[in-house]
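Spelled out, the chains give:
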Amino acid sequence: MTHDSGRTEPPAPDYRLGASERERQRLLAQGDLLRPAARALLDRIPLADGARALDVGCGPLGITDLLSAATGPRGHVTGLDADPQMIAWARESAASRHLSNVSLVHGILPSPEIPQAAFDFVHCRLLLINNTDPRQILRAMAGAARPGGWIAAQEFDWSTWQCDPPHPAWDELKSLIVPVFGGDVHIGARLPTLLRSVGATDIGVTAHVYYWRPGDLYQRLLLHFAGLFHDRITAQGTHPDTLHSLTETLRRHLDRPDTTVRESLLVQAWGRTAR
Ligand SMILES: C[S@@+](CC[C@H](N)C(=O)[O-])C[C@H]1O[C@@H](n2cnc3c(N)ncnc32)[C@H](O)[C@@H]1O
């Protein structure tokens, strides 16, 4: 997108999970699951009443509702997303929740729509894992925070994502999805180093782990991704019949009453920009 000033926005990110109604529902349900962890993160960040916060890649809601409550009626929250459909959904979410101190902006970070050094807190959740240049985004997040402000990221590290009892179909399917996912699926593990590399100090880090059982929403997430990435996986050389047989074998295993899934580790890291 080119602006009147002649500035050029970066190309739209290749968010491979799409903006379907199903993805909207998945993100909202995921947000519910991760809400206690997000609250715990905000408890660690000293956000004064009246603070200004930015949620980058907010999707259909992100944590804009929690930020709205944390910053209070005198505060302000901006939700930014690269996808106009996500922003339309985020506006619906804000309206239905009566979030009067939230504005939703369509734009790609780094974005000319986002002022520099303007926010007390800049946050992203599950944004860097879907991007090929996470450092550039973190640098832009640090630039949007005021001197001495806070930046934080919540990202998964797929290394703990495993089923028990283990099954070869799980390992094989996961290894087929990793290279086509579109970002570093282990980025959660790198967050402290990445934050340090963009000049953040006072870095903190913690993590949350989740376990699922048959019937839980996320018990079959790997199968959902296998469906979404079907064409990319087969384009890499896996025959469609092989992929079908792998997914059906794994579906039967995951549906057994004694199979549990340990979710990816949700890593939260935060730090301050230079004063
Ligand atoms: C996995 S979704 C996460 C949504 C939300 N943060 C949550 O936790 O529910 C990632 C979102 O980031 C958006 N996105 C990806 N790259 C972006 C960028 N550079 N600037 C703004 N939004 C971006 C995508 O359009 C998508 O809506």
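One numbering rule holds for all chains: residues counted from 1, following each sequence as written. Whole-chain, interface and lining totals are the exception, using all residues; otherwise, since this is a predicted model, local features are given only for residues with pLDDT of at least 70 and side-chain atom pairs are given and counted only at 80 or more. Values reported for side chains reflect all heavy atoms of the structure, with hydrogen atoms and water molecules removed beforehand.

As recorded in an unreviewed UniProt entry, the protein goes by Methyltransferase domain-containing protein and comes from Streptomyces gamaensis.

Go over the sheet that holds strand E9 (residues 260-262), please, and point to the residues and values.
Note: two strands are recorded as paired if DSSP finds a minimum of 2 bridges between them. For helices the rule is a DSSP run of H or I covering at least 4 residues; for strands it is a run of E covering at least 2, with both sets numbered from the N terminus onward. Read from one edge of the open sheet, three strands run E6-E9-E8, paired in antiparallel fashion. Taken across any chain shown, the strands that pair with only one partner, and hence form the sheet edges, are strand E6 (162-164) and strand E8 (211-212). In this sheet, E9 lies alongside E6 in antiparallel orientation, the contact comprising three bridges. Bridge pairing in E9 places Cys-163 opposite Val-261.

With reference to specific residues and values, describe the confidence of the model for the protein.
The pLDDT value expresses, per residue, how confident the predictor is, ranging between 0 and 100. When pLDDT is averaged across the protein, the result is 93; 95% of the residues are at 70 or more. Ignoring residues within four places in sequence, the model shows residues 1-7, a span with pLDDT below 50, making 10 contacts including any to other chains. A contact between two residues is defined here by any heavy atoms of the two lying within 4.5 Å.

Let's hear about the packing of aromatic side chains: which residues, and what values?
What counts as a ring pair is set by centres within 6.5 Å for rings of Phe, Tyr and Trp (its six-membered ring), and what kind of pair is set by the plane angle: stacked under 30 degrees, edge-to-face over 60, tilted for all other angles. Scanning the entire structure with this criterion turns up 10 aromatic pairs. With centroids separated by 5.5 Å and ring planes inclined at 90°, the aromatic side chains of Trp-161 and Trp-170 adopt a geometry described as edge-to-face. Categorising residues by exposure relies on relative accessible area from a 1.4 Å probe, with only protein chains included: less than 20% of the type maximum marks a residue as buried, more than 50% marks it as exposed, and the intermediate range marks it as partly exposed. On the basis of relative accessibility, which here comes to 1%, the residue Trp-161 falls in the buried class. These aromatic residues form a ring-pair network of at least three members: Trp-158, Trp-161, Trp-170, Phe-181, Phe-225 and Phe-229.

Give a description of helix H5 (residues 168-177) that names residues and reports values.
Buried residues of H5: Ala-169, Trp-170, Leu-173, Lys-174, Leu-176 and Ile-177, and no others. Along H5, the residues classed as buried sweep out an arc of 160° about the axis, all on the same side. Lining the buried residues of H5 we find E6, helix H7 (221-228), helix H8 (230-235), helix H9 (240-254) and E9. This arc is taken over the directions from the axis of the helix to the C-beta atoms.

Got a sec to walk through the site of the ligand? Specific residues and values, please.
Near the ligand there are 20 residues, and of these Tyr-15, Gly-57, Asp-81, Leu-109 and Arg-125 occur at the shortest range. Think of a polar contact as two N or O atoms within 3.5 Å of one another; within protein, one of them needs to be a possible hydrogen donor and the other a possible acceptor, and neighboring residues in sequence only count if both atoms come from side chains. Here a nitrogen atom of the ligand and a backbone polar atom of Ala-82 are 3.1 Å apart. Between the ligand and Asn-131, the relevant distance is 3.2 Å, taken from a nitrogen atom to a side-chain nitrogen or oxygen of the residue. Isolated, the ligand exposes 600 Å² of accessible area, and the fraction of that covered by the protein chains is 98%. Amino acids outside the nonpolar list (Ala, Val, Leu, Ile, Met, Phe, Trp, Tyr, Cys, Pro) and the charged list (Asp, Glu, Lys, Arg) are all regarded as polar, and Gly is one of them. Looking at the shell around the ligand residue by residue, the classes come out as 11 nonpolar, six polar and three charged. Being near a molecule or strand, for a residue, means having at least one of its heavy atoms within 4 Å of it. Throughout, the Shrake-Rupley method with a 1.4 Å probe supplies accessible areas, and for residues the shown protein chains are the sole cover considered.

Can you explain the side chain of Arg-125? Please cite residues and give values.
Summarising the element assignment, Arg-125 is placed in strand E4 (residues 119-125). Apart from residues lying up to four places away in sequence, Arg-125 is in contact with Gly-31, Leu-34, Ala-38, Val-56, Gly-57, Gly-62, Ile-63, Gln-154 and Glu-155.

Explain the sheet that holds strand E10 (residues 265-272) residue by residue, including any values.
Spatially, seven strands are ordered E3-E2-E1-E4-E5-E10-E7 in an open sheet, and the strand pairing comes out mixed. Strand pairing shows two members of the sheet lacking a second neighbour, strand E3 (102-106) and strand E7 (201-208), which therefore form its edges. The sheet shows a mean angle of 15° between the axes of neighbouring strands, direction not considered. Across eight bridges, strand E5 (residues 145-157) lies against E10 in antiparallel orientation. Paired with Trp-150 across the strands is Arg-272, a residue of E10. Between the N-to-C directions of two axes lies an angle of 0 to 180 degrees, each axis being a line fitted to C-alpha atoms and, for a helix, fitted only over the stretch in contact. Sheet strands touched by helix H3 (residues 84-96): strand E2 (76-81) and E3. Its angle to E3, the strand with the most contacts, is close to 170°. Relative to E5, helix H4 (residues 134-144) is tilted by about 150°, and along the sheet it contacts strand E1 (52-56), E4 and E5.

Quick one: what's the story with the packing of helix H1 (residues 21-44) against helix H2 (residues 64-71), residue by residue and with numbers?
One way to put it is that H1 packs onto H2 with a least axis distance of 11 Å and a crossing angle of 35°. Crossing angle aside, the handedness with which H1 passes H2 is right-handed. Where H1 abuts H2, its residues Arg-35, Ala-38, Arg-39 and Leu-42 lie against Asp-65, Leu-66, Leu-67 and Ala-70. Residues of the contact of H1 with H2, tallied by class, amount to five nonpolar, no polar and three charged. Here is the rule for handedness: rotate from the far helix to the near one, and if that takes an anticlockwise turn smaller than a right angle the crossing is left-handed, while a clockwise turn gives right-handed.

Before we move on, could you go through the UniProt feature "domain: Methyltransferase" (unreviewed entry) in the protein and cite the residues and values that matter?
The UniProt record annotates "domain: Methyltransferase" (unreviewed entry) at residues 54-149. This span, residues 54-149, is 33% helix and 27% strand, and a straight line between its end C-alpha atoms measures 11 Å. UniProt positions are given in the numbering used here, feature names are shortened, and annotations may be inferred rather than shown by experiment.

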